[in-house]
Amino acid sequence: MKILVCISKTPDTTSKIAFKNNNTKFEEAGVQWIINPYDEWYALVRAIELKEKDAGTVIHLVTVGGADTEPIIRKAFALGGDEAIRINATSDDSFYVASQIAEIAKQGGYDLIFTGKETIDYNSSSIGGMIAGLLDIPFISLATKFDITGTTTTVTREIEGGEEIAEVSLPVVVSCAKGVAEQRIPNMRGIMAARTKPLKVVEPAAIEPLTHVTSYELPPAKAGVKLVAADNVAELVRLLHEEAKAI
Amino acid sequence: MVLIFIDHADGHIKKASFEALTYGAALAKQLGTNAEGLLCGTVADDLALLGKYGITKVNQVNNEALNNLDSLVYGKTIADAVTALGAKVLVFSHNQTGRAVAPVVAAKLKAGLVTGAIALPDTSNGFVVKKSVFSGKAYANVNITSDIKIISLNPNSYKTVAGEGTAEVSQLNIAIDSLKVKLTAVNKVSGEVPLTEADIVVSGGRGLKGPENWGIIEDLAHVLHAATACSRPVADSNWRPHHEHVGQTGEQIAPNLYIAIGISGAIQHLAGVNRSKHIVVINKDPEAPFFKAADYGIVGDAFEVVPKLTEEIRKLHNS
Ligand SMILES: Cc1cc2nc3c(=O)[nH]c(=O)nc-3n(C[C@H](O)[C@H](O)[C@H](O)COP(=O)(O)OP(=O)(O)OC[C@H]3O[C@@H](n4cnc5c(N)ncnc54)[C@H](O)[C@@H]3O)c2cc1C
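Residues numbered from 1 in each chain as written. Chains lettered and ligands numbered in written order. Predicted model: local features only at pLDDT ≥ 70, side-chain atom pairs only at ≥ 80, totals over all residues. Heavy atoms only, no water.

A.B. asks: Please explain helix α4 (residues 215-224) of chain B as it appears in this structure.
C.D. replies: One turn of the α-helix equals 3.6 residues, which is why residues spaced by three or four share an orientation. All names here are of chain B. Three or more residues of α4 are buried, namely Ile216, Ile217, Leu220, Ala221, Val223 and Leu224. For α4, the arc enclosing every buried residue in end-on projection is 165°, short of the 170-degree limit, so these residues lie on one face. Of the surrounding elements, those touching the buried residues of α4 are β13 (200-204), β14 (227-230), β15 (257-261) and α7 (302-318). Positive backbone phi, approximately 50°, marks His225, located one or two places after α4. (Buried < 20%, exposed > 50% of the residue type's maximum accessible area, 1.4 Å probe, protein only. Helix = DSSP H or I, 4+ residues; strand = E, 2+ residues; numbered from the N terminus. Arc of directions from axis to C-beta. Contact = heavy atoms within 4.5 Å.)

Structure, rendered in structure tokens:
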């Protein structure tokens with residue numbers, strides 16, 4: 001089986017979010033970069049688990065990004081994966097990114113394509129569905145469990161107030177959420193092996209982006225907390241009822 | 001024309017769709033055009049009544065196969081409907097269904113998609129949609145340049161307005177592909193308010209010490225008709241189900257009222273809840289970072305404060 005895992009580089013979860021160039025660019029100074037947690041903890045680790053069960057499985061990683069994404073790919077390699085493809089482009093348009101990955105997927109003949117549920121920077125939750133649409137293969141979003149028997153996959157997915165269990169044959173695109181796998185820490189052997197795994201750089205296909213970010217904004221600061229004494233809970237209820245009109 | 005996708009489950013239209021309909025109708029007004037709805041499948045609700053949200057017509061692809069979600073089949077059906085009806089803007093709710101379907105439609109139509117929208121677009125110079133980014137820590141203004149535009153609206157970010165009016169209900173004939181995704185089971189947590197749709201959310205953290213103490217959270221949630229949520233370590237320790245985990249790596253929510261009990265307010269937790277309109281924090285540590293992000297707070301022991309709060313709210317409801 002051939003698995004393609006989509007990997008994105010995102011700021012660490014504790015990063016200070018600030019903007020520069022008249023609020024048109026994310027301020028990268030001082031930011032630590034990580035593999036998008038959903039891509040790492042769930043999508044990549046599940047792919048590795050599948051390979052552990054079936055040694056014939058091949059895992060390719062793909063990312064759309066500049067040379068500065070290579071440390072992230074090496075980090076992913078330390079966990080697992082056989083080869084990586086970096087599409088040498090940067091874009092904030094989901095359609096552009098998904099189209100680039102779909103081009104790679106067409107050539108690679110993958111049985112299974114994994115993405116994270118969303119990235120923690122743009123939160124678009126769009127890449128997996130777009131790849132599926134472009135390749136015209138089924139898509140399962142927000143998977144919390146993923147199993148495979150022969151060529152049939154069984155996937156549990158989040159719905160409002162519960163979950164659905166569905167079966168679908170390969171090939172399929174799956175976006176992975178919490179539950180699909182457990183976070184892993186790379187071991188020394190993995191870290192050593194990561195250095196020499198093949199990382200191929202390809203130039204992007206000619207695709208027209210359909211959206212672009214014109215500016216960023218920070219939310220307005222909070223006015224400050226109103227503290228109520230612990231022995232005066234009735235006052236909190238009054239404030240929530242009369243002032244906030246929230247209850 | 002602005003077309004709004006109407007989402008449903010168990011025969012009923014979801015609350016998130018009423019927000020999307022109100023939003024779509026307001027957008028149509030702004031653009032000087034009309035708004036219509038699109039429903040795939042069958043429901044028990046009276047579709048004509050959706051006119052009260054400002055739409056003139058509901059287009060229904062009346063095929064029971066569409067009561068089950070197969071993203072690819074759904075995506076193609078909606079894309080065909082957009083083409084058949086000549087819609088220029090398509091609106092989804094960015095709920096679980098929106099996430100499953102909107103990107104497929106965008107790929108099929110080569111239409112620019114902005115998900116997580118929180119306001120009407122600025123159409124004075126282009127078509128600029130404001131969306132939540134960095135897990136609620138910032139907003140991005142995104143210009144859609146394609147001919148057909150798709151917006152997926154964050155739940156709880158646009159207020160539903162119901163007026164007068166009925167909509168014409170019209171059947172739309174679209175041939176659908178056979179479903180490749182076979183649904184084998186649905187497990188619903190019955191009687192609970194879905195977290196992403198809830199107006200009020202009561203959330204507990206590690207300060208509650210153990211799953212056996214969640215009774216006070218559930219009692220408070222019950223009197224408020226609220227959904228329950230929790231911090232990540234609580235879900236990771238299996239004190240609560242995973243779907244209750246909110247934060248940067250869990251559910252991102254924006255209820256009208258978020259009550260955080262025994263939660264420290266780590267940056268990753270705040271990322272999932274800081275778009276809530278009002279935040280109440282109950283924590284015994286006056287230095288807990290959550291107080292900086294709160295509107296109201298009580299420094300005190302949750303085991304004493306929360307039962308009193310439940311009692312006071314009960315009194316308010318009875319008065
Ligand atoms: C990459 C990454 C992603 C993460 N994503 C998330 C996420 O999505 N969501 C999330 O929640 N966390 C996330 N975390 C974890 C986050 O950093 C915090 O560790 C976590 O939110 C803390 O949970 P807590 O507030 O319940 O527990 P604690 O930090 O242990 O806080 C417990 C609080 O309870 C208070 N308390 C104790 N006893 C009482 C009492 N009797 N009455 C009242 N108050 C009391 C204490 O004063 C304290 O403030 C993430 C971390 C990382 C590194």
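A.B. asks: Please explain unusual backbone geometry as it appears in this structure.
C.D. replies: Peptide bonds are mostly trans, and most non-glycine residues show a negative phi. A cis amide bond links Leu170 of chain A with the next residue in sequence, Pro171 of chain A, at an omega value of -5°. In this fold, Pro171 of chain A is placed in the loop between β11 (162-169) and β12 (172-176). A positive phi angle is found at Asp10 of chain B, which is not glycine, with a value near 50°. Here Asp10 of chain B lies in the loop between β2 (8-9) and β3 (12-13). In this structure Asp10 of chain B comes out as exposed when scored by relative accessible area, which is 63%.

A.B. asks: I would appreciate a short explanation of the pairing of strand β9 (residues 138-144) of chain B in the present structure.
C.D. replies: Along any regular strand the residues' side chains alternate between the sheet's two faces. Taking burial as the measure, the 7 residues of β9 of chain B include 7 buried ones, the bulk of the element. Every second residue of β9 of chain B is oriented toward a common face, with Ala138, Ala140, Val142 and Ile144 of chain B on one face and Tyr139, Asn141 and Asn143 of chain B on the other, all of them buried. Bridge analysis of strand β14 (residues 211-217) of chain A against β9 of chain B gives 6 bridges, and the strand direction is antiparallel. Note on β9 of chain B: the bridge partner recorded for Thr211 of chain A is Ile144 of chain B. (Pairing = 2+ DSSP bridges.)

A.B. asks: It is not clear to me how the pairing of strand β9 (residues 139-149) of chain A should be interpreted in this structure. Could you clarify?
C.D. replies: All names here are of chain A. Pairing analysis gives 3 bridges linking β9 to β12, with the strands arranged parallel. When the sheet's bridge partners are listed, Ile140 is paired in β12 with Val174. Bridging between β9 and strand β10 (residues 152-159) involves 6 bridges; their strand directions are antiparallel. Each bridged residue has a counterpart across the sheet, and for Lys145 the counterpart in β10 is Thr156. Linking β9 back to β10 in an antiparallel pair, the connection comprises 2 residues, with Gly150 at a positive phi of about 60°.

A.B. asks: How do you make sense of the packing of aromatic side chains when you look at a structure like this?
C.D. replies: Within a pair of aromatic rings, the relevant descriptors are the distance that separates the centres and the angle that separates the planes. Considering all chains together, one arrives at 14 aromatic pairs over all chains under this definition. Their ring planes at 80° and their centres at 5.2 Å tell us that Phe114 of chain A and Phe146 of chain A sit as a pair that is edge-to-face. A residue pair is termed long-range when its members are at least 10 positions apart, and Phe114 of chain A in strand β8 (residues 112-116) and Phe146 of chain A in strand β9 qualify at 32 residues. Phe146 of chain A matches Phe114 of chain A in its accessibility class, with the two residues each being buried. Between Tyr258 of chain B and Phe290 of chain B, the aromatic rings sit 6.5 Å apart at their centres with planes inclined by 35°, giving tilted as the arrangement. Of this pair, Tyr258 of chain B sits in strand β15 while Phe290 of chain B sits in the loop between β16 (278-283) and β17 (296-299), and the two are 32 residues apart along the sequence. Overall, Tyr258 of chain B belongs to the buried group, its relative accessible area being 0%. Taken together, the ring pairs in this structure connect Phe19, Phe26, Trp33 and Tyr216 of chain A together with Phe134 of chain B into an aromatic cluster. Across from the ring centre of Tyr139 of chain B, 5.1 Å away, lies the NZ or CZ of Lys130 of chain B, which sits over that ring. Sitting above the plane of the Phe127 of chain B ring, Lys149 of chain B keeps its charged end 5.5 Å from the centroid. (Phe/Tyr/Trp six-rings, centres within 6.5 Å; stacked < 30°, edge-to-face > 60°. Lys NZ or Arg CZ within 6 Å of the ring centre and 35° of its normal.)

A.B. asks: Please clarify how the site of the ligand should be interpreted in this entry.
C.D. replies: The local shell around the ligand holds 28 residues, among which Ser231, Ser264, Gln268, His269 and Asn283 of chain B are the closest. Two or more chains meet at the ligand, and those chains are chains A and B. Here Ser231 of chain B contributes a side-chain N or O atom positioned 2.6 Å from an oxygen atom of the ligand. Considered on its own, the ligand offers 990 Å² of accessible surface; in the complex 80% of this is hidden by protein. Elements that contribute at least two residues to the shell around the ligand include exactly α5 (232-236), α6 (267-273) and α7 of chain B. Partitioning the shell around the ligand into residue classes produces 7 nonpolar, 15 polar and 6 charged. (Near = heavy atom within 4 Å. Polar contact = N/O pair within 3.5 Å; in protein donor to acceptor, adjacent residues only side chain to side chain. Areas by Shrake-Rupley, 256 points an atom, 1.4 Å probe, with all protein chains shown as cover. Nonpolar A, V, L, I, M, F, W, Y, C, P; charged D, E, K, R; others polar.)

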